[in-house]
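Take a look at the letters that make up each chain.
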Amino acid sequence: MIGLMSSTTRTQVAIIGAGPAGLLLSWSLRAVGIESVVVENRSLDYVLGRIRAGILEQGSVEELTRLGLGAGIAEHGLTHNGIYLQFDGGRHKIDFHALIGRTVTVYGQQAVVADLVAAHRDAGSDVVFEASDVSIDGGETDAPRVRYVANGVETELVADFVVGADGFHGVTRPSIPGLTSYEREYPYAWLGILADVPPSTDELIYALHERGFAMHSMRSPQVSRLYLQVPPDERIEEWSDARIWDELHTRLGIPGWTLEEGPVTDKSITPMRSFVASRLRHRRLFLVGDAGHIVPPTGAKGLNSAIADVTMLARGLADHYVGDDRALDGYEQAALTRQWKLQQFSQWMTELLHRAPQSDPAAEFQYRSQLGRLAYVTASTHAQESLAEQYSGLPL
């Protein structure tokens with residue numbers, strides 16, 4: 001670019017994207033002595049401020065702890081032994097720990113990212129924020145390059161490998177030739193709020209109501225996170241705080257239980273989709289996390305999927321640098337095989353708990369079928385064990 005200084009630098013692994021997947025991959029590689037540079041087009045404040053998933057599978061907690069990132073989880077994470085399924089006026093506990101001896105932990109993605117940023121800062125890692133004009137060249141060679149502009153310098157970063165952790169709208173996935181996208185849009189969205197009020201429940205509540213899905217989650221002992229099913233074209237301006245609380249009372253209410261209200265500090269509407277890329281690798285270019293797949297949030301798999309991808313790819317890269325390429329060559333198949341298992345579970349949970357639009361001629365049949373499925377799950381130990389195994393996390 002005219003008027004810019006230019007430089008060329010080299011690293012072993014160039015990582016595009018400083019979300020949880022990119023930062024965790026860089027940290028995992030650092031732990032085994034592999035150099036990396038992380039390039040992010042957003043600011044540090046933006047990355048730290050994104051409100052996303054908040055449930056960690058047991059395997060994710062174990063992996064973060066193994067990598068020295070478990071202090072915040074141990075101090076602030078909320079361990080949960082299961083969830084409640086609510087329908088037809090009743091609430092039923094699915095006790096993961098009693099069923100299969102496993103748990104999940106509520107610890108927000110923001111906190112995971114903050115822990116990673118602090119760890120990288122203390123270690124002096126090479127993480128570049130506010131990089132513009134990010135592009136990939138040489139994807140057909142054994143020396144791929146990432147080009148970007150930051151602090152007035154146009155940099156060419158030459159690497160052994162390039163990893164795209166840059167999300168659904170990033171630049172990496174379009175660089176993989178011959179890729180097919182498998183997608184599904186859902187006819188509903190989540191209206192989510194954060195409220196400064198202690199949770200009114202000891203475990204997460206997933207509720208199917210005749211008016212639609214509702215969920216009671218939490219971020220801390222003082223902050224609640226709650227959701228309502230709304231149409232995907234709904235406008236947040238149409239939902240006052242009072243209207244939101246009224247609807248939450250209606251959908252979550254059962255006799256003898258009270259939903260406590262508090263100041264709403266954040267509210268947004270999130271469309272729901274399923275997406276999987278047919279390929280997660282081309283030569284020395286790889287995809288992890290949302291760059292390669294997205295799940296609807298009902299099964300709490302988004303962040304955990306990214307952690308699983310990173311764990312598998314980091315193992316493959318570590319083995320590569322000691323002369324063994326078997327795990328690296330098997331990454332794409334292993335990650336996609338695991339991902340489709342998570343996709344079917346997320347789809348199952350979503351279809352189990354969300355009402356079809358009234359414009360659907362089969363909406364009432366589907367609702368009654370959903371009640372039947374929920375009645376079966378809550379009465380069958382085998383069905384509960386299956387739910388518990390998938391929700392708390394498949395092996396990494």
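Everything below is about the structure printed above this text.
Small disclaimer: the values here were computed from a predicted structure and weren't measured.

Asks: Explanation requested: the sheet that holds strand E13 (residues 204–209) in the structure shown.
Replies: Strands belonging to one sheet form pairs held by backbone hydrogen bonds; the direction of such a pair is parallel or antiparallel. On the basis of which strands lie adjacent, the open sheet formed by eight strands has the order E6-E5-E13-E14-E15-E12-E16-E19 and mixed pairing. Edge positions in the sheet fall to strand E6 (90–95) and strand E19 (293–294), since each of these pairs with one other strand and no more. Lying on the sheet, helix H10 (residues 331–353) is in contact with strand E12 (181–195), E13, strand E14 (212–220), strand E16 (264–277) and E19; it crosses E16 at an angle near 130°.

Asks: Before we go on, may I ask you to explain helix H7 (residues 241–252) in this structure?
Replies: Owing to its 3.6 residues per turn, the α-helix brings residues three or four apart onto one side. In this model H7 runs 16 Å from its N-terminal to its C-terminal C-alpha over twelve residues, within 8% of the 16 Å that 1.5 Å per residue would give. When we look at burial in H7, the residues that qualify are Ile 244, Trp 245, Glu 247, Leu 248, Arg 251 and Leu 252. Along the axis of H7, the buried positions cluster into a sector of 165°, meaning they face one direction only.

Asks: Would you explain the sheet that holds strand E3 (residues 55–57) in this entry?
Replies: Across the sheet, three strands lie side by side as E3-E7-E4; this open sheet has antiparallel pairing. Strands with a single pairing partner mark the edges of an open sheet, and in this sheet they are E3 and strand E4 (78–80). Within this sheet the neighbouring strands show an average axis-to-axis angle of 30°, counted without direction. The pairing of E4 with strand E7 (residues 104–106) spans three bridges and is antiparallel. Opposite Thr 79, over in E7, you have Thr 105 as the bridge partner.

Asks: Help me understand the side chain of Asn 304 in this model?
Replies: Its location among the elements puts Asn 304 in helix H8 (residues 302–320). For Asn 304, the contacting residues outside a window of four places in its chain are Ile 55, Leu 56, Glu 57 and Ser 60.

Asks: Explain the layout of surface pockets here, please?
Replies: To find leftover empty space, a probe the size of one water molecule is rolled over the atoms. If you add up the space inside the second largest pocket, you get close to 330 Å³. Lining the second largest pocket are 18 residues; nearest its centre among them are Arg 211, Gln 229, Val 230, Pro 231 and Arg 251. Mapped onto the lining of the second largest pocket, the elements with two or more residues apiece are E12, strand E15 (223–230) and H7. Take the lining of the second largest pocket: its biggest share by element is three residues, from H7. The residue makeup of the lining of the second largest pocket, split by class, is eight nonpolar, three polar and seven charged.

Asks: What exactly am I supposed to notice about the packing of aromatic side chains here?
Replies: Two numbers describe a pair of aromatic rings. These are the distance of the centres and the angle of the planes. Inspection of the entire model under this criterion finds 13 aromatic pairs. Centroid distance Trp 190 to Phe 213: 5.3 Å. Interplanar angle 10°. Geometry classified as stacked. One end of the pair, Trp 190, is in strand E12; the other, Phe 213, is in strand E14, and 23 residues separate them in sequence. Phe 213 sits in the buried class, given a relative accessible area of 0%. Positioned above the aromatic ring of Phe 168, the side-chain terminus of Arg 173 is 4.8 Å from the ring centre.

Asks: Hey, could you run me through the pattern of salt bridges in this one?
Replies: A side chain with one charge can pair with a side chain of the opposite charge if their charged atoms come near. Scanning the model with the defined rule gives 20 salt bridges in all. In this structure, the salt-bridge partner of Lys 267 is Asp 241, at a minimum N-O distance of 2.9 Å. With Lys 267 in strand E16 and Asp 241 in helix H7, this pair connects stretches of sequence that are 26 residues apart. Residue Lys 267 is classed as partly exposed on the basis of its relative accessible area, which comes to 30%. With a relative accessible area of 32%, Asp 241 lands in the partly exposed category. Between Glu 364 and Arg 368 there is a salt bridge; the shortest N-O distance is 2.8 Å. Of this pair, Glu 364 and Arg 368 are both found in helix H11 (residues 363–379), four residues apart, which corresponds to roughly one turn of the helix. Under the relative-accessibility criterion, Glu 364 is labelled partly exposed at 36%. For Arg 368, a relative accessible area of 53% corresponds to the exposed category. Connected through shared salt-bridge partners, Asp 137, Arg 145, Arg 147 and Glu 156 make up one network.

Reading the values: the criteria
- Residues numbered from 1 in each chain as written.
- Predicted model: local features only at pLDDT ≥ 70, side-chain atom pairs only at ≥ 80, totals over all residues.
- Heavy atoms only, no water.
- Pairing = 2+ DSSP bridges.
- Helix = DSSP H or I, 4+ residues; strand = E, 2+ residues; numbered from the N terminus.
- Contact = heavy atoms within 4.5 Å.
- Axes fitted to C-alpha atoms, helices over the stretch in contact; angles between N-to-C directions.
- Expected span 1.5 Å × (residues − 1).
- Buried < 20%, exposed > 50% of the residue type's maximum accessible area, 1.4 Å probe, protein only.
- Arc of directions from axis to C-beta.
- 1 Å grid on protein atoms, 1.4 Å probe; cavity = no way out; pocket = protein on both sides within 12 Å on 5 of 7 lines; lining within 4 Å.
- Points joined across faces, edges and corners; volume = space filled by probe spheres on them.
- Nonpolar A, V, L, I, M, F, W, Y, C, P; charged D, E, K, R; others polar.
- Phe/Tyr/Trp six-rings, centres within 6.5 Å; stacked < 30°, edge-to-face > 60°.
- Lys NZ or Arg CZ within 6 Å of the ring centre and 35° of its normal.
- Salt bridge = Lys/Arg side-chain N within 4 Å of Asp/Glu carboxyl O.

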